[in-house]
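# Overview (structure and organization)
Listed below are the residues making up each chain.
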Amino acid sequence: MSVDPSRLDAIPLLAELGRAERRRIASVTKPLTLAKRQIVIEKQTPPQGLWILLSGRLQGIDHTIDGREVGLYFIVPNQFFGELALIDDQPHPEHVIATAPSEVLLIPKAVCTDLMKFYPHIATQIATTLANRVRGLIRQRTLLTLTTPSQRLAAQLIDLAATVDHRA
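First, a word on what this report is: a plain description of the structure on this page. (Residues numbered from 1 in each chain as written. Predicted model: local features only at pLDDT ≥ 70, side-chain atom pairs only at ≥ 80, totals over all residues. Heavy atoms only, no water.)

Here Thr145 lies in the loop between α4 (120–144) and α5 (149–167). Taking relative accessible area as the criterion, Thr145 reaches 57% and is therefore assigned exposed. One polar contact links the side chain of Thr145 to the main-chain carbonyl oxygen of Thr142, over a distance of 2.5 Å. (Helix = DSSP H or I, 4+ residues; strand = E, 2+ residues; numbered from the N terminus. Buried < 20%, exposed > 50% of the residue type's maximum accessible area, 1.4 Å probe, protein only. Polar contact = N/O pair within 3.5 Å; in protein donor to acceptor, adjacent residues only side chain to side chain.)

Structure follows, in structure tokens:
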């Protein structure tokens, strides 16, 4: 089942593509409707393609050694996800679940590979998203090296304030 090509118009990653190319992508894209707490991507599964959230909210999660669930990041509408496994063709490093009823699209792996080859701006957007995620992880790792909880809390609050300033 394909998706209505007009649904792709609002997705920033695909915005610079021509109408014909978006129609082609829509014809091979698989839409999926998710219930709250439904798993979209299971950890250690091979990449199927690039996912895009159309509506709802998703969360990347993992589990600690003792089985506790840890939230890693949120995905909001029009964001893509699953790009790390797609790029290095390794299994997904975390689970992605729906935190609310959601609608997602899956652009097949072969189509995504072609998009990254023939449309450098798409490859650049994906690379920039990965770079931002790595920078966030480095900030978190640095924060964890602080010796006292009050230092870690203060550093986290400063980092959150800086993040809000950059969005404004």
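There is more to say, and it comes next.
In this model, the largest pocket occupies a volume close to 1400 Å³. If you trace the largest pocket, you find 34 residues lining it, with Tyr73, Asn132, Arg133, Gly136 and Arg139 closest to the centre. (1 Å grid on protein atoms, 1.4 Å probe; cavity = no way out; pocket = protein on both sides within 12 Å on 5 of 7 lines; lining within 4 Å. Points joined across faces, edges and corners; volume = space filled by probe spheres on them.)

A few words on the pattern of salt bridges. This model, assessed by the stated rule, comprises 8 salt bridges. Salt-bridge contacts for Asp9 lead to Arg22; the nearest nitrogen and oxygen are separated by 2.8 Å. Of this pair, Asp9 sits in the segment before α1 (19–28) while Arg22 sits in helix α1, and the two are 13 residues apart along the sequence. Looking at Arg22, the relative accessible area reads 10%, which means it is buried. Taking the shortest distance from any N to any O, the salt bridge between Arg133 and Glu83 comes out at 3.1 Å. One end of the pair, Arg133, is in helix α4; the other, Glu83, is in helix α2 (residues 83–88), and 50 residues separate them in sequence. In this structure Glu83 comes out as buried when scored by relative accessible area, which is 0%. (Salt bridge = Lys/Arg side-chain N within 4 Å of Asp/Glu carboxyl O.)

A word on empty space enclosed by the protein. The tally for this structure, following the rule as stated, stands at 1 cavity of 30 Å³ or more. Of the pockets and cavities examined, the largest cavity occupies roughly 40 Å³. Taken together, Tyr73, Gly82, Glu83, Leu84, Ala85, His92, Pro93, Glu94 and Arg133 make up the full set of residues lining the largest cavity. Broken down by element, the residue count for the lining of the largest cavity peaks at 3 residues, all from α2. For the lining of the largest cavity, the class distribution of residues is 4 nonpolar, 2 polar and 3 charged. (Nonpolar A, V, L, I, M, F, W, Y, C, P; charged D, E, K, R; others polar.)

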